[in-house]
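Listed below, chain by chain, are the residues.
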Amino acid sequence: MILNFTEKELRENKGINTLTEILQQPQMWIQTSQIIQENAVEIQKFLQKNLQPTTKVILTGAGTSEFVGSSLVRDLIVQGIDAQVIPTTDIVSNIEEYVNPKTPTILISFARSGNSPESVATFKMMNQFVEKIQHIIITCNKDGALSQVATDQKNCLKIVLPEQTNDQSFAMTSSYSSMVVACLMVFNIFEFDRYVKRVEQLAVSVSLNIKTHYQEIAKLAQMQHERIVYLGSGNLNGIAQESHLKVLELTAGAKTAFYNTPLGFRHGPKSVLNQESIVFLFMNQDPYKRVYDLDLLKELSHQKQAKTLVVFDYKNNLETKALADFYFDLEFQEDSTALLGLNYIVLTQLYAFYKSLDNGKTPDNPWPSGLVNRVVAGVIIYEKEVLK
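Named according to an unreviewed UniProt entry, the protein chain is SIS domain-containing protein originating from Williamsoniiplasma luminosum.

## Re a nonpolar patch on the surface
Together, L263, Y288, V291 and Y292 make up an exposed nonpolar region whose accessible area comes to about 410 Å². Residue contributions to the nonpolar patch peak at three residues, all from helix 14 (residues 287-303). Tracing the sequence through the fold places V291 in helix 14.

## Observations concerning the sheet that holds strand 10 (residues 326-329)
Pairing is parallel across the open sheet formed by five strands, whose spatial order is 7-6-8-9-10. Each having just a single partner strand, strand 7 (256-260) and strand 10 make up the two edges of the open sheet. Averaged over neighbouring strand pairs, the angle between their axes works out to 15° when direction is ignored. Direction of pairing for strand 9 (residues 308-313) relative to strand 10: parallel, over a ladder of four bridges. Note on strand 10: the bridge partner recorded for V311 is Y327. Across the sheet, helix 11 (residues 192-222) lies against strand 8 (277-282), strand 9 and strand 10, angled at about 165° from strand 10, the strand it touches most.

## A look at the pattern of salt bridges
Overall, the coordinates contain 14 salt bridges when judged by the stated rule. The residue D143 makes a salt bridge to K142 at a minimum N-O spacing of 3.2 Å. Assigned by exposure class, D143 and K142 land together as exposed. The shortest N-O distance in the salt bridge between E191 and R194 comes to 2.7 Å. A relative accessible area of 41% means that E191 is categorised as partly exposed. Taken together, the salt bridges that share partners define one network made up of R266, K270, D295 and E299.

## Observations concerning the packing of helix 11 against helix 16 (residues 337-358)
Running from N to C, helix 11 and helix 16 point in directions that differ by 30°, and their axes come no closer than 8 Å. Judged by the angle between their axes, helix 11 and helix 16 are roughly parallel. Judged by the sense of rotation from one axis to the other, the crossing of helix 11 with helix 16 is right-handed. For the contact of helix 11 with helix 16, a count of residues per class yields 16 nonpolar, five polar and three charged.

## Concerning the environment of I86
As for its placement among the helices and strands, I86 is situated in the loop between strand 2 (82-85) and helix 7 (88-98). Note on I86: relative accessible area 1%, which makes it buried. Distance from I86 to I58, taken between C-alpha atoms, is 6.5 Å for residues 28 residues apart in sequence. The residues contacting I86, other than those within four sequence positions of it, are I58, L59, T60, G61, I91 and Y98.

## What about the sheet that holds strand 4 (residues 133-139)?
The strands making up a sheet associate through hydrogen bonds between their backbones, and the pairing can be parallel or antiparallel. Across the sheet, five strands lie side by side as 2-1-3-4-5; this open sheet has parallel pairing. Both outer strands of the open sheet, strand 2 and strand 5 (156-160), are each paired with one neighbouring strand and no more. Averaged over neighbouring strand pairs, the angle between their axes works out to 15° when direction is ignored. Note: strand 1 (residues 56-60) against strand 3 (residues 105-111), five bridges, orientation parallel.

Reading the values: rules and limits
- Residues numbered from 1 in each chain as written.
- Predicted model: local features only at pLDDT ≥ 70, side-chain atom pairs only at ≥ 80, totals over all residues.
- Heavy atoms only, no water.
- Patch = residues over 30% accessible without salt bridge, like charges linked within 9 Å, V, L, I, M, F, W, Y side chains within 5 Å.
- Areas by Shrake-Rupley, 256 points an atom, 1.4 Å probe, with all protein chains shown as cover.
- Salt bridge = Lys/Arg side-chain N within 4 Å of Asp/Glu carboxyl O.
- Helix = DSSP H or I, 4+ residues; strand = E, 2+ residues; numbered from the N terminus.
- Pairing = 2+ DSSP bridges.
- Axes fitted to C-alpha atoms, helices over the stretch in contact; angles between N-to-C directions.
- Contact = heavy atoms within 4.5 Å.
- Buried < 20%, exposed > 50% of the residue type's maximum accessible area, 1.4 Å probe, protein only.
- Parallel < 35°, antiparallel > 145°, perpendicular 65-115°, else oblique.
- Left-handed = near helix turned anticlockwise from the far one by under 90°.
- Nonpolar A, V, L, I, M, F, W, Y, C, P; charged D, E, K, R; others polar.

Structure (structure tokens):
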């Protein structure tokens with residue numbers, strides 16, 4: 001059995017790749033850490049040479065690959081790094097509005113397949129446009145177009161993740177989370193031994209939480225909700241962003257999904273709530289940030305504007321639990337909200353998987369019509385001379 005399915009059932013409902021890739025994530029994180037360790041000397045030399053106080057670090061990608069950056073960028077900022085997320089889709093069309101050519105820059109490109117035309121175009125355009133540009137490419141496909149264009153480039157550090165992370169299913173899951181882990185480990189390479197222990201603890205926690213909570217997640221997905229809202233602040237807003245995309249992708253848009261921050265939600269977007277809504281709130285562990293999460297939860301619980309309130313938390317807090325309809329205690333404490341968020345995201349991936357099946361979709365390919373493609377096709381990237 002794979003959770004509550006036989007292998008035959010998963011093949012019949014075309015969900016075996018998606019579920020396998022969700023469940024393999026703890027193992028992929030351990031393998032990813034081994035790859036980072038094998039490249040530690042090269043990574044250290046690259047950072048010592050290129051990461052200066054005046055260096056701008058831009059994290060880029062498209063879709064889920066963009067959300068990789070959104071899920072970890074605050075960890076880099078807390079470390080004193082001038083980091084920002086800019087999607088490839090913005091750089092390609094409006095590079096001069098997003099990038100300062102005079103600022104020494106490290107561009108971190110995240111790519112599952114590396115075959116997105118925007119990824120390759122961004123790499124080339126940044127080389128033209130920025131006077132001092134260095135690249136870090138984190139990809140799951142050694143044979144992808146981005147990996148190939150970066151081969152033998154002197155200004156590029158390339159990290160190829162385990163082959164299994166090159167997800168075969170429509171929606172990115174293990175590719176997304178493994179790229180998060182890889183980037184965090186790169187920028188903690190000088191404390192690698194301590195950081196790898198934290199990743200190992202995360203892997204153990206996630207494996208346990210899947211076994212403990214998957215039946216309740218399946219029950220939740222079988223409930224009827226037309227509007228699905230994910231809320232989180234800081235890095236957890238990136239987790240909310242990725243969670244909302246997963247349920248949109250795996251239900252082929254049959255369910256409408258939204259994301260926001262707990263504070264931002266009050267300023268208009270809360271209008272989306274009705275009695276067909278479910279709200280997922282990702283609790284912070286920092287006491288100051290947590291006050292805002294709890295304040296909104298109290299408001300939503302009192303007003304009863306949504307049908308169902310779901311809380312993901314890192315500790316068993318009775319006050320918080322009493323305000324929620326569903327409360328998931330993940331028993332994982334971690335200074336990094338990016339790592340904490342990965343403990344949350346695996347359960348929202350499972351929710352999206354079960355929601356896909358509940359809506360009669362095939363998770364491995366929710367769009368058999370081909371109207372939405374896993375690999376972007378038919379996109380023309382115009383070759384333009386980018387002047388400094």
